[in-house]
Amino acid sequence: MQKLRELLAEGRVHVIDGAMGTMLQAKGVFLNACFDELVVKAPDVVGEIHSAYADAGAFTIYAGTQPVH
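Right, let's walk through the structure included here. (Residues numbered from 1 in each chain as written. Predicted model: local features only at pLDDT ≥ 70, side-chain atom pairs only at ≥ 80, totals over all residues. Heavy atoms only, no water.)

1. Concerning a nonpolar patch on the surface
Judged by side-chain polarity, Leu-4, Leu-8 and Ile-16 come together as a nonpolar surface patch covering roughly 320 Å² of accessible area. In this structure, Ile-16 sits in the loop between helix 1 (4-9) and helix 2 (20-26). (Patch = residues over 30% accessible without salt bridge, like charges linked within 9 Å, V, L, I, M, F, W, Y side chains within 5 Å. Areas by Shrake-Rupley, 256 points an atom, 1.4 Å probe, with all protein chains shown as cover. Salt bridge = Lys/Arg side-chain N within 4 Å of Asp/Glu carboxyl O. Helix = DSSP H or I, 4+ residues; strand = E, 2+ residues; numbered from the N terminus.)

Structure follows, in structure tokens:
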């Protein structure tokens, strides 16, 4: 997978907007949830959504980092 710097160097326009909140709601996550916290509390749900975006052809996927225990 290319790094962001490499993508930008290509000279093409890249649109980054994934509607992650909409996808999380479709998976049953409530609006009052802290979406960033889900990387730790529900990594499987976040991973499923990221996989769906990758399968659809997304070049860029953003996620918060999960702490190492």
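Having seen it, we continue.
2. Some details on the pattern of salt bridges
Should the charged atoms of two oppositely charged side chains come close, the side chains can pair. This structure, assessed with the given rule, holds three salt bridges. Across the salt bridge formed by Glu-37 and Lys-41, the nearest N and O atoms sit 3.5 Å from each other. What makes Glu-37 partly exposed here is its relative accessible area of 38%. By relative accessible area, Lys-41 is classed as exposed at 62%. (Buried < 20%, exposed > 50% of the residue type's maximum accessible area, 1.4 Å probe, protein only.)

3. A short note on the nonpolar core
In terms of nonpolar packing, the biggest core is built from seven residues, these being Leu-24, Val-29, Leu-38, Ala-42, Val-45, Val-46 and Ile-49. Examining the composition of this core, we find that three residues originate from one element, helix 4 (residues 43-55), more than from any other. Discounting residues that sit within four places of it in the chain, Leu-24 has contacts with Val-29, Phe-35, Leu-38, Val-45 and Ile-49. (Core = buried A, V, L, I, M, F, W, Y, C linked by side-chain atoms within 4.5 Å. Contact = heavy atoms within 4.5 Å.)

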